[in-house]
Amino acid sequence: MLFQKDMETRYIFITGGVASSLGKGIISASLGKLLQARGYKITIQKFDPYINVDPGTLNPYEHGECYVTADGFETDLDLGHYERFTGIETTRDNSVTTGRIYLSVIERERRGDYLGKTIQVVPHITDEIKRRILLNATKEHFDFVITEIGGTIGDIEGQPFLEAIRQLRWQLGPQRALNVHLTYVPYLAAAGELKTKPTQTSVKQLQGLGIQPEVLVLRTEHELSSDLREKVAHFCNVDVDAVIQSQDLPSIYEVPVNMQRQGLDAIILKKMGVEVGETPELGAWHDFLERRKNATRTVDIALVGKYDLQDAYKSIRESLAHAGTYNDYKVKIHFVNSEHITKDTVAEMLKGMAGIVICPGFGQRGIEGKIIAAEYTRTHDIPTFGICLGMQMMVIEFARNVLGYADANSSEMDPVTPHNVIDMMEEQKNITQMGGTMRLGAYDCELLNGSHTWKAYGEKPMVRERHRHRYEFNDKYRHEYEKNGMHCVGLNPESKLVEIVEIPELRWYIGTQFHPEYSSTVLHPHPLFMSFVKECVRDLKN
Ligand code: GLN
């Protein structure tokens, strides 16, 4: 394996054209994976042109789930892909938005740092973008920094980012900076033809901005002929072997293998003047894919939440898929809208489910349904995994129906309830700003020896998990819960905040205040998801 330790950092920029949702994040993650497999030290970062300072304040309907880094930054969900593919933790420096760029430039302007100069998009905003692109490699050495630019070529708000990468390519030269452009080749059924014109137009548009992509990745639903690839190469000033196709595949996890087969990483290395060397094996990755393919039995698991869209609970879905594969099952996820769950509908809505996940969330909408679901699975002993708000709903349900506090609630939903079993954390009480002010990022959690959770974690005394919340189990009630069968089995070692509850009497009834889904990766599935799915499949006959 080639490993040039002190190789100068090289920068790869990934842009997209023609349409959004082509899978730039997956291509970036796959390329990262392939370079990592060659022994290079890499990092992947996302630059999003929207004006929110971070994605934390965005409704999941806008851009899907908010992913949280271990160092406590609320980021775009693509960072989840980067981590799941490479197993490398990202940080707050790996997710940057226009809002964050402007905020720092404007703060500097207010401080008077620009000494009376007129502050302009070029050069001040573009300089700040460049500074941020280079920032990670000033903190530690990376062989490759992959930068994904969010949005699509032609978006007005994306222009400063494109100008910044144009300048960087010029400053760093062809060996240290390279552009990859992802486009779409539509198939017109009526004509029976694949169409390359949108790709040509997209590349022309990039060229008009002074950027010549060296590598093109063409997303397509049908195999592209070599003639067609030659045509694209010819019209776009790109070598034929640098026109890669990204055909629809049954799983996003097959993309790295497909990219490797076509030599995406090798072409990039060659163009950047790095010796290509042997193609790495990707052994464990292939084993995962093989196992996934062979897992033909299915287990039905319900996601009880309020967002009926794929991306809202992205990391939970992926974590379940990882755990399914390693338990040799295909997890069939059924979205169950908690707004429609009532005492009358719950049995029907959860019928046939081997287990349920009660999803995280904020606000009132759909919470009563989550509470009813928690009661149903508790009283029917169906494996239940409550995450963040989901855990809080398990706690409220237990207070209402076991401890006898009919008005028990979270002070998020009912600020005046006398039985605030979930209450705002002390340090949150004086916070008025919404953005970036929750309890965020990774904290230690001490596990109770002998608990289900402790066993699920492989009998570790201490784990570290990522948080994103303002409310917390109210310690005042702890004793009452424990006396009545719901145990607090995970505690923060310093603050003693309750991080995990479980009912040891039941098969699998665990709620975590943190988000384990943020740290499940393809090669390291999360132990709690592993144990949950294992329990869900235990009695299945198929
Ligand atoms: N709304 C709850 C809180 O702020 C739960 C948050 C979540 O599920 N991420 O504590």
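All chains use their own residue numbering, which begins from 1 and follows the written sequence. Two thresholds apply to this predicted model, a pLDDT of at least 70 for residue-level local features and 80 or more for giving and counting side-chain atom pairs, whereas whole-chain, interface and lining totals are computed over all residues. Only hydrogens and water are removed before side-chain values are computed, so all heavy atoms of the structure are retained for them.

Draft legend 1. The pattern of salt bridges, seen in detail. For this document, the term salt bridge refers to a Lys or Arg side-chain nitrogen within 4 Å of an Asp or Glu carboxyl oxygen. Taken as a whole and assessed by the stated rule, the structure comprises 39 salt bridges. Note that Arg 291 and Asp 328 form a salt bridge whose closest N and O atoms lie 2.9 Å from each other. With Arg 291 in helix H11 (residues 283–294) and Asp 328 in the loop between helix H12 (314–326) and strand S13 (330–337), the pair connects residues that are 37 residues apart, well separated along the chain. Residues joined in a network through salt bridges with shared partners are Lys 46, Asp 48, Asp 76, Asp 78 and Glu 148. Comment: elements are numbered from the N terminus, with helices defined as DSSP H or I runs of at least four residues and strands as E runs of at least two.

Draft legend 2. Representation of the site of the ligand. Proximity is defined per residue: any heavy atom of the residue falling within 4 Å of a molecule or strand makes that residue near it. In the vicinity of the ligand, the residues found are Pro 360, Gly 361, Phe 362, Cys 388, Leu 389, Gln 392, Glu 412, Arg 468, His 469, Arg 470, Tyr 471 and His 515. Any pair of nitrogen or oxygen atoms within 3.5 Å is treated as a polar contact; in protein, a donor-acceptor pairing is required on top of that, and neighbouring residues in sequence qualify only through side-chain atoms on both sides. Glu 412 is positioned such that a nitrogen or oxygen atom in its side chain is 2.7 Å from a nitrogen atom of the ligand. When the ligand sits alone it has 300 Å² of accessible area, and the protein chains cover 99% of it. Every element with two or more residues in the shell around the ligand is listed here: helix H15 (389–403) and strand S18 (462–469). Reported accessibility uses the Shrake-Rupley method at a 1.4 Å probe radius. Residues are deemed covered only where the shown protein chains occlude them.

Draft legend 3. Representation of a nonpolar patch on the surface. A surface patch of nonpolar side chains, about 320 Å² in accessible area, is lined by Tyr 102, Ile 106, Val 121 and Val 122. Listed by contribution, the elements that provide at least two residues to the nonpolar patch are helix H4 (98–111) and helix H5 (121–139). Residue placement: Tyr 102 occurs in helix H4. Relative accessibility thresholds used throughout: buried, under 20% of the residue-type maximum; exposed, over 50%; partly exposed, between the two (1.4 Å probe, protein chains only). Taking the relative accessible area as the measure of exposure, Tyr 102 reaches 32% and is therefore partly exposed. Patches in this entry comprise residues that are over 30% relatively accessible and not in a salt bridge; like charges within 9 Å are linked, as are nonpolar side chains (Val, Leu, Ile, Met, Phe, Trp, Tyr) within 5 Å.

Draft legend 4. Quick peek at the packing of aromatic side chains. Aromatic contacts are taken between Phe, Tyr and Trp rings whose centres are within 6.5 Å, Trp giving its six-membered ring; a plane angle under 30 degrees counts as stacked, one over 60 as edge-to-face, and the others as tilted. One pass over the structure, following the stated rule, counts 16 aromatic pairs. Members of the aromatic cluster, each reached through a chain of ring pairs, are Phe 85, Tyr 253, Trp 285, Phe 288 and Tyr 326. We count a charge as sitting over a ring when the NZ of a lysine or the CZ of an arginine lies within 6 Å of the ring centre and within 35 degrees of the ring normal. In this arrangement the basic side chain of Arg 365 is found over the ring face of Tyr 307, its NZ or CZ atom lying 5.8 Å from the centre. Looking at Arg 439, its charged tip hangs above the ring of Tyr 443, at a distance of 4.3 Å from the centre.

Draft legend 5. Here's a closer look at the sheet that holds strand S22 (residues 509–512). Strand order in this open sheet of nine strands is S13-S12-S14-S15-S22-S21-S20-S17-S18, and the pairing throughout is mixed. Single-partner strands in this sheet number two, and they are S13 and S18. Across the sheet, the mean angle from the axis of one strand to that of its neighbour is 30°, orientation sign disregarded. Two strands qualify as a pair provided that DSSP identifies no fewer than 2 bridges between them. As paired strands, strand S12 (residues 298–305) and S13 are joined by eight bridges and run parallel to one another. In the strand pairing of S13, Leu 303 is matched with Phe 335. Any two residues having at least one pair of non-hydrogen atoms within 4.5 Å are treated as being in contact. Inter-axis angles, ranging from 0 to 180 degrees, are taken between N-to-C directions of lines fitted to C-alpha atoms, where helices are fitted over the stretch in contact. Each of S12, S13, strand S14 (355–358) and strand S15 (384–387) is contacted by H12, which is oriented at about 150° to S13, the strand it contacts most. Where H15 meets the sheet, it contacts S14, S15, strand S21 (498–502) and S22, and its direction lies at approximately 115° from that of S15.

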